[in-house]
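# Reading the structure
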Amino acid sequence: MRELYRNLVDKYGTNNPIKLAEIMGITIIYNYLGNTSGIHTNILGIDFILINTNLNVHEEYYTIAHELGHCILHNGENIN
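Bear in mind the structure is a predicted one, so any value in this text is a computation, not a measurement.

### Some remarks on the nonpolar core
Grouped together as the largest cluster of nonpolar side chains are eleven residues: Leu8, Leu20, Ala21, Ile26, Ile28, Ile49, Ile51, Leu55, Ile64, Leu68 and Cys71. Elements with a contribution of two residues or more to this core: helix H2 (17-23), strand E3 (46-52) and helix H3 (57-73). Of the residues forming this core, the biggest block, three residues, is contributed by H3. Not counting residues up to four positions away in its chain, the partners in contact with Leu55 are Ser37, Glu60 and Thr63.

Written out as structure tokens, the structure reads:
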């Protein structure tokens, strides 16, 4: 998984997961998700990452990076 992330960083020239998602055309939506940190969903071929508004910045970036992994590894599936 780390190698996958390093490849994305090299390809797109940033290690900021929010910028990576933007470059990759993945929409990030912030909402209250209870005890869930984040969710990846694919609706009609469009990837979305939902992020819990209760997360601090470190948790938010980690969760977005984690969900980016789902977007890539499970393309077209709904995984959290």
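### Some thoughts on the confidence of the model for the protein
Here the protein averages 89 in pLDDT, while 90% of its residues score no lower than 70. Least confident of the elements in the protein is helix H1 (residues 2-12), whose mean pLDDT is 84; most confident is strand E1 (residues 27-31), at 98.

### Considering the side chain of Asn16
Among the secondary structure elements, Asn16 is positioned in the loop between H1 and H2. Judged by relative accessible area, which is 17%, Asn16 ranks as buried. Setting aside anything within four residues of it in sequence, one finds Asn16 in contact with Tyr5 and Tyr61.

### Focus: the pairing of strand E2 (residues 38-43)
Sheet topology places E2 next to E3; six bridges connect them, and they run antiparallel. Looking at E3, one finds that Ile39 is bridged to Leu50. Hairpin connection, E2 to E3: the antiparallel pair is bridged by two residues, and Leu44 has positive phi, about 55°.

### Details of the sheet that holds E3
Strand-to-strand pairing in sheets goes through backbone hydrogen bonds, with the strands running parallel or antiparallel. Reading across the sheet, the three strands line up as E1-E3-E2 and stay open at both edges, with mixed pairing between neighbours. Both edges of this open sheet fall to E1 and E2, since each of them pairs with a single strand only. Ignoring strand direction, the axes of neighbouring strands in this sheet form an average angle of 25°. Here H3 sits on the sheet and contacts E1, E2 and E3; the angle it forms with E3, its principal contact strand, is near 155°.

Here is what the cut-offs are and how they apply
Residues numbered from 1 in each chain as written. Predicted model: local features only at pLDDT ≥ 70, side-chain atom pairs only at ≥ 80, totals over all residues. Heavy atoms only, no water. Core = buried A, V, L, I, M, F, W, Y, C linked by side-chain atoms within 4.5 Å. Buried < 20%, exposed > 50% of the residue type's maximum accessible area, 1.4 Å probe, protein only. Helix = DSSP H or I, 4+ residues; strand = E, 2+ residues; numbered from the N terminus. Contact = heavy atoms within 4.5 Å. pLDDT = per-residue confidence, 0-100. Pairing = 2+ DSSP bridges. Axes fitted to C-alpha atoms, helices over the stretch in contact; angles between N-to-C directions.

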